Amino acid sequence: MMHLLTQSLTTLLTAFRRIFASPVAGFLNILVIGIALSLPTGMYVLLQNAQGLVAQMSGAPQISLFLSMDAAQEDVNKLRRQLGQHEGVANAEFISRALALEKLKESTGLEDVISGLGNNPLPDAYIITPKQTDAKSLDELRNALQRLPAVEHAQLDSSWAYKMEALLEFARVAVLILASLLSLALIAITFNTIRLQILTQDDEIQVSKLIGATDGFIRRPFLYFGAVQGLLGGIAAWLIIATSLLLLKAPLATLSQLYASNFTLQPLSLTDTLSLLLFSVYLGWLGAWLSVGRHLSRIAH
Amino acid sequence: MITFNNVSKRYSNGFEALKQVSFELNKGEMAFLTGHSGAGKSTLLKLIAAIERPNTGSVLVNNLNVSALKSAALPYLRRNLGIIFQDHKLLFDRNVFDNVLLPLQICGFDHRESCKRVRAALDKVGLLKREKADPIALSGGEQQRLCIARAIVNRPSILLADEPTGNLDAEYAQEIMNIFKSFHQVGVTLLISTHDAGVLRDDQVRVISLKQGEIQCATSALTTATESA
């Protein structure tokens, strides 16, 4: 066990040495892997942030029911009973047209203008808090409420958030496609690097096989090399993203101040960072495994 | 130790390297494999290490049918064999010491134990003082000895040598032969191919003579000598 550990350690050191043996080529490889990984990861970070922003701004969804202007008190009472019995409604708050006018005066400071209007232009309204908050049931509830008598208009207040959510879903799939394609690119890069290495070490591989090396023994240093290269690429990607976020910080702060928001970009979480590094290690390892496997199957003796 | 039963080997280009070859080499025996180039000497040695597989017949090493071994089992067969290749197959990207170290790394020996064994092997072939040298800087005879050191560092029970004295002058060749004899004395089974009849001069060892892939005679050198006398 101890011996296996020292042997693995030696092989690992050899892998590092091989990368730094040709520093320029090694650095370029790592840079290419870093850029390839940073594109989807960076988009993922932006997506996460956009999602947070949407959630922060939309809050709990509500439906505003505006009654028709000519609705009588009787209709209002009838509607109250119907809303109380409706299974999709958690709470219904009545806002009379007089109260609505008061609120409007308070919040806008347009007291003079509103006083000059003569009669109150606002309808009676109910603010409905729904039980189910997923997009589909909200939509169904809004349609159902719209059909109730005396209701002029039912408005889903957070519908824009759902549209945004759909847009984000679209973007998520786009990132996934990009990530898959660039992962393939990463495997291809490692495959090729290892192939070139194998060519320069063909003698060693041939001799080793002839004097009793198992395929595992021959494969191991290349696998370690692929994994180490992947890891360094992953670290490069992380640095690229961290630097970009740092550069975006100041302009975003100005922008967010203009919108009277205190929105700040969140960096990659620890879990996401670990996933990124593990994934890049795995892809490097896989590229190496495919490359050595192909070579070993060619020298069958 | 090594048994050939009606072994034939035909290469994919149609060349028939061995035809119905049968012989047996006992444990601790030392034998020379002679014949002109192209007689099938190298092929015969390759069949023992399962570098090539026979078309018919069977090759037994330690009662193990190597011609039917799965490729995953080959490494463990080869670790019991010391092979001295005709073209040396030394690695020129590392020094003498590391060349000899390779088989031990493959077998997974402890580092300290490995160093001891490498030095012992180098000492045996008289290269201990050159352990830091690059193989390219060695003379032909020294390279051959390095090859022997690598083959024996694992302390195999069987040693196969393909033309170990091929390009060496008589003095060097005799030196190499003396090394082989010392292995023979400690009980190693040896099969040495050579087209150089000179090295066989006064040796009382067995000779297996091949001609165009067939065994001509598989007698001891003593009988050969008596016959010619």
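Please read these numbers as outputs of a predicted model, since none were measured by experiment.

## Some words on the overall build of chain A
Consideration 1: Within chain A, the regular secondary structure consists of 10 helices and 4 strands.
Consideration 2: Here the C-alpha radius of gyration of chain A, 32 Å, is well above what a compact globule of 301 residues would show, namely 19 Å.
Consideration 3: When each of the 301 residues of chain A is scored for burial, the buried share is 23%.
Consideration 4: Considering only intrachain contacts with a sequence separation of at least 6, the fraction spanning at least 24 residues in chain A is 86%.

## Section: the interface of chain B and chain A
One frequent convention defines the size of an interface as the accessible area lost when the parts assemble.
Consideration 1: The partner chain A presents 14 residues to the 14 residues of chain B that form the contact.
Consideration 2: Only helix H2 (74-78) and helix H3 (96-107) of chain B provide two or more residues apiece to the side of chain B that touches chain A.
Consideration 3: The dominant element in the side of chain B that touches chain A, judged by the number of residues it contributes, is H3(B), at 4 residues.

## Observations concerning the pairing of strand E3 (residues 30-34) of chain B
Residue and element names in this part refer to chain B.
Consideration 1: With 4 of 5 residues buried, E3 lies mostly within the body of the structure.
Consideration 2: Relative to strand E9 (residues 206-211), E3 is paired through 4 bridges, and the arrangement is parallel. Within E9, the position partnered with Phe32 by the bridge is Val207.

## Quick word on the sheet that holds strand E1 (residues 63-67) of chain A
Residues and elements named next belong to chain A.
Consideration 1: Spatially, 4 strands are ordered E2-E3-E1-E4 in an open sheet, and the strand pairing comes out antiparallel. The sheet terminates laterally at strand E2 (89-95) and strand E4 (151-156), the two strands that pair on one side only. Averaged over all neighbouring strand pairs, the angle between strand axes comes to 20°, with direction disregarded.
Consideration 2: Sheet analysis places E1 next to strand E3 (residues 125-130), joined by 4 bridges and oriented antiparallel. The residue of E3 that forms the bridge with Ser64 is Ile127.
Consideration 3: The strands that helix H6 (residues 135-146) touches are E1, E3 and E4; relative to E4, the one it contacts most, it runs at about 170°.

## Remarks on the environment of A:Leu255
Consideration 1: Following the sequence through the fold, A:Leu255 ends up in helix H9 (residues 215-258).
Consideration 2: In this structure, the C-alpha to C-alpha distance between A:Leu255 and A:Leu274, residues 19 residues apart in sequence, is 31 Å.

## Looking at the environment of B:Arg130
All names here are of chain B.
Consideration 1: Locating Arg130 in the fold gives a position in the loop between helix H4 (111-124) and helix H5 (140-152).
Consideration 2: You can call Arg130 partly exposed: it has 18 C-beta atoms within 10 Å.
Consideration 3: Separated by 64 residues in the primary sequence, Arg130 and Val66 place their C-alpha atoms 37 Å from one another.
Consideration 4: Other than its neighbours up to four places away in sequence, Arg130 contacts Val96, Leu138 and Glu142.

## Observations regarding H9(A)
Consideration 1: Under the 1.5 Å per step criterion, the end-to-end length of H9(A) is 63 Å for 44 residues, consistent within 8% with the ideal 64 Å.
Consideration 2: A:Lys249 marks where H9(A) bends most, by close to 40°; the proline A:Pro251 follows one to four residues later.

## Observations concerning the sheet that holds strand E5 (residues 64-65) of chain B
Consideration 1: An order of E2-E1-E4-E5 (chain B) is seen for the 4 strands of this open sheet, with the pairing classed as antiparallel. Edge strands, defined here as strands with exactly one partner in the open sheet, are strand E2 (16-25) and E5 of chain B.

## A word on the nonpolar core
Consideration 1: B:Ile48, B:Ala149, B:Leu160 and B:Leu191 are the most contacted members of the largest nonpolar core, which has 66 residues in total.
Consideration 2: For B:Leu191, the residues in contact, after removing those within four places along its chain, are B:Ile2, B:Leu25, B:Ala31, B:Leu33, B:Leu45 and B:Leu160.
Consideration 3: A:Val45, A:Ile187, A:Phe222 and A:Ala288 belong to the second-largest nonpolar core, a separate cluster that totals 28 residues.

## Quick look at the pairing of strand E8 (residues 189-194) of chain B
Residue and element names in this part refer to chain B.
Consideration 1: Of all the 6 residues making up E8, 6 are buried; the element is thus mostly covered by neighbouring parts of the structure.
Consideration 2: Burial of the side chains of E8 extends over both faces: Thr189, Leu191 and Ser193 are buried on one face and Leu190, Ile192 and Thr194 on the other.
Consideration 3: Pairing analysis gives 5 bridges linking E3 to E8, with the strands arranged parallel. Each bridged residue has a counterpart across the sheet, and for Phe32 the counterpart in E8 is Ile192.

Analysis parameters
Residues numbered from 1 in each chain as written. Chains lettered and ligands numbered in written order. Predicted model: local features only at pLDDT ≥ 70, side-chain atom pairs only at ≥ 80, totals over all residues. Helix = DSSP H or I, 4+ residues; strand = E, 2+ residues; numbered from the N terminus. Rg over C-alpha atoms; globule rule 2.2 N^0.38 Å. Buried ≥ 20, exposed ≤ 12 C-beta atoms within 10 Å, placed from the backbone. Contact = placed C-beta atoms within 7 Å. Pairing = 2+ DSSP bridges. Axes fitted to C-alpha atoms, helices over the stretch in contact; angles between N-to-C directions. Expected span 1.5 Å × (residues − 1). Bend = angle between axes of the 7 residues up to and from the residue. Core = buried A, V, L, I, M, F, W, Y, C linked by C-beta atoms within 7 Å.

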